[in-house]
Structures are given as structure tokens and as C-alpha cells.
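Summary of structural features
Below, each chain spelled out in residue letters.
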Amino acid sequence: MGSPSGILSPSVLDRVLRDWRAVASRLPAAASREQAAARLGELGWPSHRDEQWRYANLRAFDRI
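The helix and strand inventory of the chain stands at two helices and zero strands. Buried residues in the chain amount to 22% of all 64 residues. Taking the contacts inside the chain whose residues are at least 6 apart along the sequence as the reference set, 75% of them involve residues at least 24 apart. When the accessible surface of the chain is split by element, carbon and sulfur atoms take 54% of a total near 4900 Å².

Here it is as C-alpha cells:
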């Protein structure tokens, strides 16, 4: 993935990660989930230049 994009505000990313941490203890243990959340925190939201996210509408998170 590329660098953080600014598609969504950092506060939305913080809220998503905070909400995920709140339920993570109730999910089956998976190191891959922990790694994915850590990586998302490092990189931020994907940009439209990232091929796998090119057609995803990330603005839907702003409405949550």
C-alpha cells in the first residue's frame, strides 16, 4: 500500500481502531488481525492509487 492518503480524516481512523480494540478480545485469537490493525495504524487509509482499493468507497466510514 502507499502512504497515508487523507481520504478520511485521522479521527475516523482513530475511532475505527479504537472500536476494533474494544471488540478484539471477544473475537477468536488471530495474530493476523492484530498485525492488520497495527499496519492500518501505521499506513493510514489506502489511497485511490492502491489497486486493490481503487473502486472502494471509503467515504462511507465518515457517516458512521
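For the structure on display, the rule yields one salt bridge. A salt bridge links Arg39 to Glu42; the nearest nitrogen and oxygen atoms lie 3.2 Å apart. In this pair, Arg39 and Glu42 are both assigned in helix α2 (residues 31–43), three residues apart and thus about one turn of the helix distant. Taking the relative accessible area as the measure of exposure, Arg39 reaches 46% and is therefore partly exposed.

Criteria and thresholds
- Residues numbered from 1 in each chain as written.
- Predicted model: local features only at pLDDT ≥ 70, side-chain atom pairs only at ≥ 80, totals over all residues.
- Heavy atoms only, no water.
- Helix = DSSP H or I, 4+ residues; strand = E, 2+ residues; numbered from the N terminus.
- Buried < 20%, exposed > 50% of the residue type's maximum accessible area, 1.4 Å probe, protein only.
- Contact = heavy atoms within 4.5 Å.
- Areas by Shrake-Rupley, 256 points an atom, 1.4 Å probe, with all protein chains shown as cover.
- Salt bridge = Lys/Arg side-chain N within 4 Å of Asp/Glu carboxyl O.

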